[in-house]
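Report on the structure
Here are the chains, one letter per residue:
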Amino acid sequence: MIERRIALPYADTNETMKLIADLVSIPSPSGNTNDVITFVENFLSELQVETKRNRKGGLIATIPGKDTNHHRMLTAHVDTLGAMVKEIKGNGRLRIDLIGGFKYNSIEGEYCQIETSGGKKITGTILMHQTSVHVYKDAGKLERNQENMEIRIDEKVHNAEEIRALGIEVGDFVSFDPRVEITPSGFIKSRHLDDKASVGILLQLIKQLKSENISLPYTTHFLISNNEEIGYGGNSNITPETVEYLAVDMGAMGDGQSTDEYTVSICVKDASGPYHYDLRKKLVRLAEENKIPYKLDIYPFYGSDASAAIRAGHDIVHGLVGPGIDSSHAFERTHQSSIEATAKLLYHYVQSQLVQ
């Protein structure tokens, strides 16, 4: 257990990390997110926050502000990487097709769950077909791809007919075991911290705003989007009054990146181009004024719900911030320090004045 707690007025990071652990434990690959959206909906209902679902299946929460003519929107996405059953093979195994931008090698050996259209859930393991080194001498050299990888189902099956008798069919969703763990040193490691870490931070922020009866300067919408991993989660349902649109998503770590696991990352540019310069400067000023550790960074192979909104033609001021996540789209990890820094920046941001 993590012993340290944040002093008020900020949200309790321990509580946020437990909430994140709950979120990552709910399977929600893009296209099959109803269960996790319902979880978020119930969380906000208990806070008596107004919510509505859009036709895509995402959730929008709204907190009225003093100024109802100018709005801001914050978004984080609850959909994750996953897969679908592509083919039912004659050897009693399944070929899969990926959902989201990741590589097959990142899921080799992973436990998974197949959800049938009838709601039945069947476990399995994602493996190379040529896994056994006692049989395949080139097992370590072969390419990890759709042709070579398959799901070994945890049921007694020998052929396609026996698989179909379980209710499994082409198009069934496959989710990956998150293997979530919170360490005594303050790390949370799990699949799907992209972007459920940010969802947990936003939910805790909303809870804080309601419990402390904080009056916001502008009507503020919180969009929990559910199609970000496939490129269009946050490009609709933006009110005409919305001036600022802030995506809260992971900061990507790696060679040449400044992002780390201990600060909030403020993105200045991704594959879509630069983010709004004045909003970026305001976020930096808020961080410095409130002694919040931050990093500025560029993500060359990245696109957010904010950039999707810009591409959709919305006339908004757009930005991107989030906790730093190691090993994105694989075995992810971040530290409570990064979650805390992100929460602090958002706390001050939602109470700030709009960019002029």
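Residues numbered from 1 in each chain as written. Predicted model: local features only at pLDDT ≥ 70, side-chain atom pairs only at ≥ 80, totals over all residues. Heavy atoms only, no water.

Some thoughts on the nonpolar core
Counting 71 residues, the largest nonpolar core has L44, L74, F222, L345 and L346 as the members making the most contacts within it. For this core, the element with the most residues is helix α4 (residues 193-211), which contributes 9 residues. Beyond its immediate stretch of four places on either side in the chain, L44 contacts V49, T51, L59, A61, L203 and I206. Formed by 24 residues, the second largest nonpolar core is a distinct cluster that contains L94, C112, I114 and V157. (Core = buried A, V, L, I, M, F, W, Y, C linked by side-chain atoms within 4.5 Å. Buried < 20%, exposed > 50% of the residue type's maximum accessible area, 1.4 Å probe, protein only. Helix = DSSP H or I, 4+ residues; strand = E, 2+ residues; numbered from the N terminus. Contact = heavy atoms within 4.5 Å.)

Describing the packing of aromatic side chains
According to the stated counting rule, one finds 4 aromatic pairs in the structure shown. Measuring from ring centre to ring centre gives 4.8 Å for Y299 and Y302, while their planes differ by 35°; the resulting arrangement is tilted. The exposure class of Y299 is buried, given its relative accessible area of 2%. A cation over a ring is seen here: R72 above Y349, with NZ or CZ 4.4 Å from the ring centre. (Phe/Tyr/Trp six-rings, centres within 6.5 Å; stacked < 30°, edge-to-face > 60°. Lys NZ or Arg CZ within 6 Å of the ring centre and 35° of its normal.)

Describing unusual backbone geometry
Residue D195 is reached from D194 by a cis peptide bond, and omega for that bond is 10°. For D195, the location among the structural elements is in helix α4. Not every positive phi belongs to a glycine, and Q48 is a case in point at roughly 60°. The exposure class assigned to Q48 is exposed, which follows from its relative accessible area of 70%.

Notes on the sheet that holds strand β19 (residues 332-335)
Read from one edge of the open sheet, 3 strands run β10-β11-β19, paired in antiparallel fashion. Each of the sheet's edge strands pairs with one partner strand only, and the pair in question is β10 (181-182) and β19. In terms of strand pairing, β10 meets strand β11 (residues 187-190) through 2 bridges, oriented antiparallel. By the bridge assignment for β11, E181 is matched with K189. On top of the sheet, α4 reaches β11 and β19; it is set at about 30° to β19, its chief contact. Sitting on the sheet, helix α7 (residues 336-349) is in contact with β11 and β19, with an inclination near 70° to β19. (Pairing = 2+ DSSP bridges. Axes fitted to C-alpha atoms, helices over the stretch in contact; angles between N-to-C directions.)

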